[in-house]
Amino acid sequence: MGSQASKHVNWCLKKAEKEIDELKKQKKKIRHRGLLKIEPNRKIALRHLEKAKHNLEVFKLLRKNNSSDWSITVGFYTLYHCFLAIAVKHGYESRNQTCTIALIESLQEKGKISITKGIIDFMKYTEEEKNREGSLIELRENYTYGVDLEVKDEEQLDKIEKLCVEFIDVVKNIVYGEG
């Protein structure tokens, strides 16, 4: 019996397979909204890492130019591209945020990657009301779909920026390393 994350990963793999099979039958363009097992690809992983670095620079520019509401969104995608880099390095293509996060959590639980549970929790939706405000995905949705033009909490922005910088380095080691 696997963890919740492992079960979610299996569901995501089946979802992608089912969607691809259905599209093949209909002779339509092949795409999916789940997880697909692929050959591990360090080159593509490094491109995701480059995208994460690019996003971090955009985060800083937006913040400097009084557009911190969008910094939150770009901060989320900075970390998300790090997750995608790990996924591709380990032989997965993801087209679904919750599937990607479950995959990273599963890889972490199995000891295949060495990252803190905190970074995973920061990227996840949470059912617990007390933790809801601290989730980056929740913040991203609040600032993307809400009406606030700036983030008043500079400490929150500092925390996200610092986390992005540190996590890019962690993921660089994962992508270049054997694990």
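The structure under discussion appears in the preceding block.
What counts and how
- Residues numbered from 1 in each chain as written.
- Predicted model: local features only at pLDDT ≥ 70, side-chain atom pairs only at ≥ 80, totals over all residues.
- Heavy atoms only, no water.
- Salt bridge = Lys/Arg side-chain N within 4 Å of Asp/Glu carboxyl O.
- Helix = DSSP H or I, 4+ residues; strand = E, 2+ residues; numbered from the N terminus.
- Buried < 20%, exposed > 50% of the residue type's maximum accessible area, 1.4 Å probe, protein only.
- Core = buried A, V, L, I, M, F, W, Y, C linked by side-chain atoms within 4.5 Å.
- Contact = heavy atoms within 4.5 Å.
- Axes fitted to C-alpha atoms, helices over the stretch in contact; angles between N-to-C directions.
- Parallel < 35°, antiparallel > 145°, perpendicular 65-115°, else oblique.
- Nonpolar A, V, L, I, M, F, W, Y, C, P; charged D, E, K, R; others polar.
- Disulfide = S-S within 2.5 Å.
- Expected span 1.5 Å × (residues − 1).
- Polar contact = N/O pair within 3.5 Å; in protein donor to acceptor, adjacent residues only side chain to side chain.

Engineer: Would you take a moment to explain the pattern of salt bridges for this structure?
Structural biologist: Two side chains with opposite charge may pair up if their charged atoms get near one another. In total, this model carries eleven salt bridges according to the counting rule given. Linking R63 and E161 is a salt bridge whose minimum nitrogen-to-oxygen distance equals 3.0 Å. Here R63, found in helix α2 (residues 42–64), pairs with E161, found in helix α8 (residues 154–176); they are 98 residues apart in sequence, far enough to count as distant. Among the residues examined, R63 registers a relative accessible area of 16% and is labelled buried. Linking E166 and K162 is a salt bridge whose minimum nitrogen-to-oxygen distance equals 2.8 Å. Pair noted here: E166 and K162 are both in helix α8, with a separation of four residues, about one helical turn. Classification of E166 as partly exposed rests on a relative accessible area of 40%. Connected through shared salt-bridge partners, R63, E154, D158 and E161 make up one network.

Engineer: Would you explain the nonpolar core in this entry?
Structural biologist: Note on soluble globular proteins: their nonpolar side chains tend to be buried together. Judged by nonpolar contacts, the single largest core of 43 residues is most densely connected at F83, I86, I104, I115, F167 and V171. Elements represented by at least two residues in this core include exactly α1 (4–25), α2, α3 (68–89), α4 (97–109), α5 (117–123) and α8. Ranked by residues supplied to this core, first place goes to α3 with twelve residues. With near-sequence residues (within four places) excluded, I86 lies in contact with I104, L107, I113, F167, V171 and I174.

Engineer: Which parts of the structure should I look at to understand the packing of α2 against α3?
Structural biologist: Packed helices, taken two at a time, are described by the angle their axes make and the gap between the axes. Remark: α2 packs on α3, axes separated minimally by 8 Å, with the N-to-C direction vectors making an angle of 170 degrees. By the angle between their axes, α2 is roughly antiparallel relative to α3. Taken together, the residues of the contact of α2 with α3 break down into 15 nonpolar, seven polar and four charged.

Engineer: I keep staring at the state of the cysteines and nothing clicks. Help me out?
Structural biologist: Working definition: the covalent bond between the sulfur atoms of two cysteines is a disulfide. By the definition in use, this model includes one disulfide. With a sulfur-sulfur separation of 2.0 Å, C12 is cross-linked through a disulfide to C99. In this structure, the disulfide formed by C12 and C99 twists by about -85 degrees around the S-S bond and is classed as left-handed. Taken together, the positions of C12 in helix α1 and C99 in helix α4 put the pair 87 residues apart, joining distant regions of the chain. With relative accessibility at 0%, the residue C99 sits in the buried group. Looking at C82, it has no disulfide partner, and the nearest cysteine sulfur is the one in C164, 7.3 Å off. Judged by relative accessible area, C164 falls into the buried class, the value being 0%.

Engineer: What am I meant to see in α2 here?
Structural biologist: Every α-helix winds through 3.6 residues per turn, so residues three or four apart in the chain are directed the same way. Given a rise of 1.5 Å per residue, 23 residues ought to cover 33 Å, and the 33 Å separating the end C-alpha atoms of α2 matches this to within 8%. Considered for burial, the residues of α2 that qualify are A45, H48, L49, A52, N55, L56, F59 and R63. Tucked into the core, α2 has its buried residues touching α3 and α8. Where α2 starts, the residue carrying a side-chain oxygen 3.0 Å from the main-chain nitrogen of K43 turns out to be N41.

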